[in-house]
Amino acid sequence: MKMDQPIVTADDYVASLRDRQLEVYLFGERIEEPVDHPMIRPSVNAVAATYRLATEDPSLGSAESSLIGNTVNRFLHITESVDDVVQQNRMQRRLGQLTGTCFQRCVGMDAINAIFAITFDCDQKHGTAYHQRFRDFLQVVQQRNLVIGGAMTDVKGDRSKAPAEQDDPDLFVRVVDRRADGVVIRGAKAHQTGAINSHWILVMPTIRLTDRDRDYAIVCAIPVDADGITFIYGRQSCDTRSMEEGDLDSGNAGFSGQEAMLILDDVFVPWPNVFLDGEFEFAAPLVERFTAYHRRSYVCKSGVGDVLIGAAALAADYNGVESASHVRDKLVEMSHLNETIYGTGIAASHESVRTEAGNYVNDALLANVCKLNVTRFPYEIGRLAQDLAGGLVATLPSEADFRAETTGPLLQKYLAGRAGVPTENRLRAARLIENMTLGRNAVGYLTESLHGAGSPQAQIVQIRRQSDLEGKKALARKLAGIPDE
Ligand code: SF4
Ligand code: FE
């Protein structure tokens, strides 16, 4: 990393991303400076919002770290109390409201808290020294106020086979060489949220491992500009609208999420940045701990949902139907679903407990319930938003037509809504709903809600495991007067 000065402001953050010579590919070409690419920039803005929040609303966006004895960005904070875990959710909802998209930093936040605890547990069992190494790494990252991306999801190949059983051994990230000074890793991670907007990436296994998979049991930190890393940018629906004239058709011109494929072609990692190497039995606890945190981090979608509910209410206002009873009912239904997401997530955080390592972790069952809600409710909220907004969401002519000499006045006249409402406002509300339910931020609001932090089946398995059916049967037997079987 070139940068020595700590990042303070959102502008410092954007400046810190420049001149890194990353291997980023988009549309088959290397992007010289991702920060200035019109399709990428909205995703940078979304991360920059996390820095702005830290200075403008420090009680939400920052925290007191005893690790460095100073204030740090909350996304870099190791939770020291139940309240710290709860505040993460409040911050996530607020950032969802401010950006209307995925602000990309929760993976790193949840990864550092999971690795903090699991390295401690591993050291207890094996006498390794990972936990102190990880603390040392965290201190530097906190002091410089950097963005950490978490890289968990391997590309996985044949889903019925374990990592070591794959025809191509590189389909899960693995250690290909161990040297006196460190390890060399190879493989690829898919759907990497905010990877190019990060400074460091924490590589973690994605699946339970056995002793045959020892080389896959690797947790380490790599700088984003390390030799051997290639990023291939993920497309989003309607993404090239960001490259057109004007800002109306984008719907949300300021902000977007970011996912990229990350390819690690023999990347060297020095030992001080290695936090697990070969202790395969800690892969499953790490994944489980990370997903416990991350599945309630998805309350971010309730913040995004607030924006969508607002856009639907605006569309109804502009159409002059805001007081129709079915419109009110639909808005209430949207809020009910949205608050159910938030309610389960923040309940999980309120039920946090202290780990052996000393940080706090939320309730896993409630977190899985939260995430399972997230796989369903945004789709229904999106359906109701489209219902309220009308077909215009999908058939609106372009901004260029709206501005053109011949068609502009025609559209002004025939797309008018309630008297006194500028036609353009009506179009902007419709475009925002399109953006969030069909366009580039539908990636975050819908599909990421479905598959991010694990697809629905992963939550169903966890809920089944943790819902103590035998205990419940015992309760029923007792009250029904059925003797123990
Ligand atoms: Fe954070 Fe939500 Fe984006 Fe995940 S989807 S990184 S939880 S904002
Ligand atoms: Fe995600």
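Residues numbered from 1 in each chain as written. Chains lettered and ligands numbered in written order. Predicted model: local features only at pLDDT ≥ 70, side-chain atom pairs only at ≥ 80, totals over all residues. Heavy atoms only, no water.

Asks: So what's going on with the packing of aromatic side chains? Residues and values would help.
Replies: Summed over the entire model, instances satisfying the criterion amount to seven aromatic pairs. Through a chain of ring-to-ring contacts, the aromatic side chains of Phe134, Phe137, Trp200 and Phe275 assemble into a single cluster. The ring centre of tyrosine 342 lies 4.6 Å from the NZ or CZ of arginine 93, which sits over that ring. For arginine 105, the ring lying beneath its charged end belongs to tyrosine 51, and the centroid distance is 5.0 Å. (Phe/Tyr/Trp six-rings, centres within 6.5 Å; stacked < 30°, edge-to-face > 60°. Lys NZ or Arg CZ within 6 Å of the ring centre and 35° of its normal.)

Asks: Tell me about the layout of surface pockets, residues and numbers included.
Replies: Over the atoms rolls a probe the size of a water molecule, and its path tells where empty space is left. By volume, the second largest pocket is sized at about 270 Å³. When contributions to the lining of the second largest pocket are tallied by element, the ones reaching two or more residues are helix 2 (41-56), strand 4 (70-73) and helix 6 (130-144). Top contributing element to the lining of the second largest pocket by residue count: strand 4, with four residues. For the lining of the second largest pocket, the residue count by class is seven nonpolar, eight polar and no charged. (1 Å grid on protein atoms, 1.4 Å probe; cavity = no way out; pocket = protein on both sides within 12 Å on 5 of 7 lines; lining within 4 Å. Points joined across faces, edges and corners; volume = space filled by probe spheres on them. Helix = DSSP H or I, 4+ residues; strand = E, 2+ residues; numbered from the N terminus. Nonpolar A, V, L, I, M, F, W, Y, C, P; charged D, E, K, R; others polar.)

Asks: Go over the coordination of the iron ion (ligand 2), please, and point to the residues and values.
Replies: The coordination sphere of the iron ion (ligand 2) contains the protein donors Tyr298 (OH) and Glu448 (OE), at a distance range of 2.5 to 2.6 Å. Of this pair, tyrosine 298 sits in the loop between helix 7 (283-297) and helix 8 (300-319) while glutamate 448 sits in helix 16 (residues 442-451), and the two are 150 residues apart along the sequence. Note on accessibility: tyrosine 298 and glutamate 448 belong to one class, buried. (Donors = N, O, S within 2.8 Å, 3.2 Å for Na, K, Ca; no water. Buried < 20%, exposed > 50% of the residue type's maximum accessible area, 1.4 Å probe, protein only.)

Asks: I'd like to hear about the pattern of salt bridges, residue by residue, with values.
Replies: Summed over all chains, the structure comprises 32 salt bridges. For the salt bridge of glutamate 434 with arginine 241, the shortest nitrogen-to-oxygen distance reads 2.8 Å. Of this pair, glutamate 434 sits in helix 15 (residues 423-437) while arginine 241 sits in the loop between strand 10 (229-233) and strand 11 (259-270), and the two are 193 residues apart along the sequence. By sharing partners, the salt bridges in this structure join Asp247, Glu399, Arg403, Glu424 and Arg428 into a single network. (Salt bridge = Lys/Arg side-chain N within 4 Å of Asp/Glu carboxyl O.)

Asks: Can you lay out the sheet that holds strand 10 for me, pointing to particular residues and giving the numbers?
Replies: With mixed pairing, six strands are arranged side by side in an open sheet as 2-1-10-11-7-6. Because the sheet does not close on itself, it has two edges, and the strands there are strand 2 (29-30) and strand 6 (174-179). When strand 7 (residues 182-193) meets strand 11, the two strands line up antiparallel, connected through nine bridges. From the neighbouring strand, lysine 189 faces strand 11, where its bridge partner is leucine 262. (Pairing = 2+ DSSP bridges.)

Asks: Break down the packing of helix 9 (residues 325-350) against helix 10 (residues 364-374) for me, citing the residues and quoting the values.
Replies: Geometry of a packed helix pair, given as the angle between the helix axes and the separation of the axes. One way to put it is that helix 9 packs onto helix 10 with a least axis distance of 8 Å and a crossing angle of 160 degrees. One way to sum up the angle between helix 9 and helix 10 is to call them roughly antiparallel. Seen along the crossing, helix 9 lies across helix 10 with a hand that is left-handed. In contact with Thr340, Ile341, Thr344, Gly345, Ala347 and Ala348 of helix 9, helix 10 contributes Leu366, Ala367, Val369, Cys370, Asn373 and Val374. Of the residues assigned to the contact of helix 9 with helix 10, the class counts are eight nonpolar, four polar and no charged. (Axes fitted to C-alpha atoms, helices over the stretch in contact; angles between N-to-C directions. Parallel < 35°, antiparallel > 145°, perpendicular 65-115°, else oblique. Left-handed = near helix turned anticlockwise from the far one by under 90°. Contact = heavy atoms within 4.5 Å.)

These results come straight from atomic positions and should not be treated as a statement about function.
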